[in-house]
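# Report on the structure
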Amino acid sequence: MKKYFALVFFALLLVQSAAAGVSSQEAIDFVSKTNNFLLQGEFAEISPNVKISCQSKAFWVVAITSGDSLTGFIPVSGDSPAIPDSKSVRKDLIKTAYFLYNFDKLKKNALQQDQWIFNSLNSKRISDLAVKLQSEASLDLTTI
């Protein structure tokens, strides 16, 4: 009976891990190792490390950086390692990731300086970011 219980418990663990989908590290590996989307000197990261929901599905958006500069984003499905087919989904995911990436940088900078994030300097930066997102012509974001 104990063996049967252990076998059922192990099977449930396997089903749960299979249903969990793609982890953030798997999304980064999909971009950097499996498909070699990165150029020399570029790095992949997810910052902040959160899934983004779009059209009732979850996605990871991998940021591509070179040094201190952001060079692009690659959305990866949260269900299986693949880039979403829909251009509008990719566009919405990249816009959201761009905001989250910049907001996370502002938050980390404010914490390093022991300041509240919603100070007058960051208020201007957030306002500028909102304007950039509204007029996509000024954004130079790429996707594969």
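Scope of this entry: the structure provided in the associated data block. Only a predicted model underlies this, so the values are computations on that prediction, with no experimental measurement involved.

### A short note on empty space enclosed by the protein
Inspection of every chain in the model, using the stated rule, returns one cavity of 30 Å³ or more. There is about 70 Å³ of room inside the largest cavity. Lining the largest cavity, in full, are Ile46, Ser47, Pro48, Val50, Ile52, Val61, Ala63, Phe73, Ala97, Leu100 and Tyr101. Of all elements in the fold, only β3 (57–66) and α3 (87–112) reach the threshold of two or more residues within the lining of the largest cavity. Top element by residues in the lining of the largest cavity is α3. It accounts for three residues. A class-by-class count of the residues in the lining of the largest cavity yields 10 nonpolar, one polar and no charged.

### Side note on the pairing of β3
For β3, a buried count of seven out of 10 residues is recorded, marking the element as mostly surrounded by other parts of the structure. Note that strand β2 (residues 52–54) and β3 share three bridges and pair antiparallel. Bridge pairing in β3 links Ser53 to Ala58. Hairpin geometry of β2 and β3 is characterised by an intervening segment of two residues between the two adjacent antiparallel strands and by a positive phi of about 50° at Gln55. Between β3 and strand β4 (residues 69–77), which pair antiparallel one after the other, the connecting turn spans two residues, and Gly67 there sits at a positive phi close to 65°.

### A look at unusual backbone geometry
Cis rather than trans, the peptide bond between Ser47 and Pro48 has omega equal to -5°. With respect to the helices and strands, the residue Pro48 is situated in the loop between β1 (43–45) and β2. One non-glycine residue, Asn36, lies in the positive phi region at around 50°. Among the structural elements, Asn36 can be located in the loop between α2 (24–34) and β1.

### Some words on the nonpolar core
Across soluble globular proteins, nonpolar side chains show a tendency to be buried alongside one another. Counting residues in each nonpolar core, the largest one holds 14 residues, and the members touching the most others are Val61, Phe73 and Leu93. For this core, the secondary structure elements donating two or more residues are β2, β3, α3 and α4 (120–134). Considering every element that reaches this core, the biggest residue donor is α3, with six residues. Apart from residues lying up to four places away in sequence, Leu93 is in contact with Ile52, Cys54, Phe59, Val61, Pro75 and Pro84. In this structure, Ile28, Val31, Ile46 and Val76 belong to the second largest nonpolar core, which totals 12 residues.

### A look at α4
Spanning 15 residues, α4 covers 21 Å between terminal C-alpha atoms, matching the ideal 21 Å at 1.5 Å per step. For α4, the complete set of buried residues consists of Asn122, Leu129 and Leu133. Down the axis of α4, the buried side of the element spans an arc of 35°, and every buried residue falls inside it. Exposed residues lying more than 90 degrees from the buried face of α4 are Ser120, Lys124 and Gln134. On its buried face, α4 sits against α3.

Parameters at a glance
- Residues numbered from 1 in each chain as written.
- Predicted model: local features only at pLDDT ≥ 70, side-chain atom pairs only at ≥ 80, totals over all residues.
- Heavy atoms only, no water.
- 1 Å grid on protein atoms, 1.4 Å probe; cavity = no way out; pocket = protein on both sides within 12 Å on 5 of 7 lines; lining within 4 Å.
- Points joined across faces, edges and corners; volume = space filled by probe spheres on them.
- Helix = DSSP H or I, 4+ residues; strand = E, 2+ residues; numbered from the N terminus.
- Nonpolar A, V, L, I, M, F, W, Y, C, P; charged D, E, K, R; others polar.
- Buried < 20%, exposed > 50% of the residue type's maximum accessible area, 1.4 Å probe, protein only.
- Pairing = 2+ DSSP bridges.
- Core = buried A, V, L, I, M, F, W, Y, C linked by side-chain atoms within 4.5 Å.
- Contact = heavy atoms within 4.5 Å.
- Expected span 1.5 Å × (residues − 1).
- Arc of directions from axis to C-beta.

Without other data, these values stay purely geometric and don't point to any function.
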